[in-house]
Amino acid sequence: MLGRLIAWSAGEVRIQVCGASTERFLNLCMRGEIALWDVVRQDGRTLTATLSIQDFYALRRLMGRSGCQVRVIQRRGGPFWLKKLRVRWVLSAGFVGVIGLLVVLSQFLWVLEVDAAPGIPVGHLREVLRQNGVYEGAWLRSIDTDDVRRAIQSEIPEVGVIALTYIGNALRVQVDAAQMKPLSIDRTAPTGLVATREGVISQVTATGGQPLVKPGDAVEVGQLLISSAIPNTTEWGTPHRGHGMGRIMAYTRHTVELLCPLSWTEYQKSDKTHNRYALILGDRRIKLYLGSGIPAGSCDKIIEKTRLSIGSRLLLPLTLECQTWRETDAVQVTGDAQTVGEQAAKQWLSDLQKQIDGVILESNWQIEEIEGAVRVSITAACEEQIGAEMIDRTPLPEPSQPS
Amino acid sequence: MGLKDWGTQVGRTIQGAPRVEVEGERLVIERHRGVRLYSESCIRIDCPGGEVCIEGNGLTLEALSRAEVSIHGRIDRVIWPGGG
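Described in the following lines is the structure provided in the data block. (Residues numbered from 1 in each chain as written. Chains lettered and ligands numbered in written order. Predicted model: local features only at pLDDT ≥ 70, side-chain atom pairs only at ≥ 80, totals over all residues. Heavy atoms only, no water.)

Thoughts on the environment of Leu 37 of chain B
Then step 1. Note on placement: Leu 37 of chain B falls in strand S3 (residues 34-38).
Then step 2. Linking Leu 37 of chain B and Cys 53 of chain B, residues 16 residues apart in sequence, is a C-alpha distance of 9.1 Å.
Then step 3. Not counting residues up to four positions away in its chain, the partners in contact with Leu 37 of chain B are Glu 23 of chain A together with Cys 42, Ile 43 and Arg 44 of chain B. (Helix = DSSP H or I, 4+ residues; strand = E, 2+ residues; numbered from the N terminus. Contact = heavy atoms within 4.5 Å.)

Considering the sheet that holds strand S7 (residues 170-177) of chain A
Residues and elements named next belong to chain A.
Then step 1. Spatially, 3 strands are ordered S5-S7-S6 in an open sheet, and the strand pairing comes out mixed. Since the sheet does not close on itself, it has two edges, and those belong to strand S5 (111-116) and strand S6 (159-167), each with one partner. Strand after strand, the sheet turns through a mean of 15° between neighbouring axes, direction not considered.
Then step 2. Two elements, S6 and S7, share 7 bridges in a ladder whose sense is antiparallel. Across the sheet, the residue bridging to Ile 167 is Ala 170, located in S7.
Then step 3. Packed onto the sheet, helix H7 (residues 122-131) meets S5 and S7 and runs at close to 140° relative to S5. (Pairing = 2+ DSSP bridges. Axes fitted to C-alpha atoms, helices over the stretch in contact; angles between N-to-C directions.)

Comments concerning the interface of chain A and chain B
Then step 1. If you look at the interface, chain A gives 15 residues, while chain B gives 16 residues.
Then step 2. Counting across the chain A and chain B interface gives 1 salt bridge.
Then step 3. Where Glu 33 of chain A meets Arg 66 of chain B, a salt bridge forms, and the shortest distance between an N and an O atom there is 3.9 Å.
Then step 4. Applying the counting criterion to the chain A and chain B interface returns 8 residue pairs in polar contact (both at pLDDT 80 or more).
Then step 5. Elements supplying a minimum of two residues to the side of chain A that touches chain B: helix H2 (22-31) and strand S2 (36-41) of chain A.
Then step 6. If one sorts the elements of the side of chain A that touches chain B by residue count, S2 of chain A sits on top with 6 residues. (Salt bridge = Lys/Arg side-chain N within 4 Å of Asp/Glu carboxyl O. Polar contact = N/O pair within 3.5 Å; in protein donor to acceptor, adjacent residues only side chain to side chain.)

Observations regarding the packing of aromatic side chains
Centre distance and the angle of the planes are the two values used to describe a pair of aromatic rings.
Residues and elements named next belong to chain A.
Then step 1. Inspection of the entire model under this criterion finds 2 aromatic pairs over all chains.
Then step 2. Between Trp 81 and Phe 95, the aromatic rings sit 5.8 Å apart at their centres with planes inclined by 90°, giving edge-to-face as the arrangement. Of this pair, Trp 81 sits in helix H5 (residues 78-87) while Phe 95 sits in helix H6 (residues 89-105), placing them 14 residues apart in sequence.
Then step 3. Phe 95 gets classed as partly exposed once you look at its relative accessible area, which sits at 46%. (Phe/Tyr/Trp six-rings, centres within 6.5 Å; stacked < 30°, edge-to-face > 60°. Buried < 20%, exposed > 50% of the residue type's maximum accessible area, 1.4 Å probe, protein only.)

Looking at the sheet that holds strand S8 (residues 191-195) of chain A
Two pairing modes exist for strands in a sheet, parallel and antiparallel, and in both the strands are linked by backbone hydrogen bonds.
Residue and element names in this part refer to chain A.
Then step 1. An order of S10-S12-S8-S22 is seen for the 4 strands of this open sheet, with the pairing classed as antiparallel. If you trace the sheet from one side to the other, it starts and ends with strand S10 (210-211) and strand S22 (387-391), each paired once.
Then step 2. As paired strands, S8 and S22 are joined by 5 bridges and run antiparallel to one another. Its bridge partner lying in S22, Leu 193 is registered against Glu 389.

Notes on unusual backbone geometry
Residue and element names in this part refer to chain A.
Then step 1. Residue Glu 33 is not a glycine yet carries a positive backbone phi of 60°.
Then step 2. As for its position among the elements, Glu 33 is in the loop between H2 and S2.
Then step 3. In this structure, Glu 371 is a non-glycine residue whose phi angle is positive, near 45°.
Then step 4. Looking at the element boundaries, Glu 371 is found in the loop between strand S20 (358-370) and strand S21 (373-385).

Points about the nonpolar core
Soluble globular proteins tend to pack their nonpolar side chains together in the buried interior.
Then step 1. Judged by nonpolar contacts, the single largest core of 34 residues is most densely connected at Phe 25, Leu 26 and Leu 36 of chain A.
Then step 2. When residues in this core are grouped by element, the largest group, 5 residues, is from strand S5 (residues 50-64) of chain B.
Then step 3. Sequence-distant contacts of Phe 25 of chain A, that is, excluding residues within four places in its chain, are made with Ile 15, Val 17, Leu 36, Leu 59, Met 63, Ser 66, Cys 68 and Val 70 of chain A. (Core = buried A, V, L, I, M, F, W, Y, C linked by side-chain atoms within 4.5 Å.)

So, a positive patch on the surface
Residues and elements named next belong to chain A.
Then step 1. Judged by side-chain charge, Arg 24, Arg 31, Arg 61 and Arg 65 come together as a positively charged surface patch.
Then step 2. Mapped onto the elements, Arg 24 comes out in helix H2.
Then step 3. Residue classification places Arg 24 among the partly exposed residues on the basis of a relative accessible area of 44%. (Patch = residues over 30% accessible without salt bridge, like charges linked within 9 Å, V, L, I, M, F, W, Y side chains within 5 Å. Areas by Shrake-Rupley, 256 points an atom, 1.4 Å probe, with all protein chains shown as cover. Lys, Arg positive; Asp, Glu negative; His and termini not counted. Charge placed at Lys NZ, Arg CZ, Asp CG, Glu CD.)

Structure (structure tokens):
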């Protein structure tokens, strides 16, 4: 392909060769270092072939020996094209002008894409970018990506990794949220474990500190389960502070009352769709339809944006927006109390299982219908971890006196 | 060995045996000496060791130079000296 393009740029001539021995002509060309391509047999006495301009001039001195007649049927390529353009100077000037305009315009930033992670203030990010010379229409060479990166990091503390990628005359700014360090209590701090729920202890696994409860004990919310104050364990030892930690499993009970309506509205998709188009030029939006862009009835609105570009790298500041409105039908749905209540109870138990660090051992619910709604009373018996670390300021016990 | 055969052998040693390469609908012959016959159904290429005959349909000479000849078209059979 590249070879053909180079040959075309240098200029080529298509010839028709007619004679009794066209093979002799081909061999003469070969011996005379004349390269031929696209040699096509037309009939027993005629063939067509393509050769470069230089070879065509060289061919003229061999013609006497070949016994064939050569006729030019087409001239094509750069030199011939330029010769034509020399006459049509307005067209030439226009062509040069368009090329020049493309070169000039490709020096500017036409498209700025900001892709920020959830939690990053996009408005503030755009403002910081603008202050640092990154906006649609900015001169590309004036943008220092290192400076921009540093400015974003100093202005927006929530930012983690920043990636600035040039795609032709578009700049994509991808910003990731910073990884927040999880809150943790200093491992050397004197901490204890307190109960987050009331229940009956089923299992105590203390890996630090002094356990204060044993299986079978009933505990209340906030009760200290493992203390940081460790008494002396030897006759001459002294009490000291430790880092209380471990897992305290307990039988707990969760109860809740839910109130659910027995009838509600559901939107069902219909086959009726309407398409509306708009052009987005920079910050301006040009509607290609009449009326308002706000749907009158109930419908789903799907917006698809297509960025117009020349090739994959030269993006134009023009976006075609296609709005597809799919009408939806509002349908009133009524359920029976038993089904609605059971679904609500199962959903709540499923959510509870995700919340607790343990298992649901047993559950039951009662369903009661009241004036167009249903009341569901749910009780779940669980075995779960109820200990939570916190700073323990329990005074140290008195050291034991030797007898 | 006669003088003609000896000359042929020397020429073949200097120029080397022809190299025929087939890729899909394209056939390239290197170290050739010219075209003996060119038609849409048969092309005969003169080579140091003899004649290479390409039979097929819609055959065209895609490129012809002193170094190589490239043939395009539906190739049914290639006959070369010492082969079949």
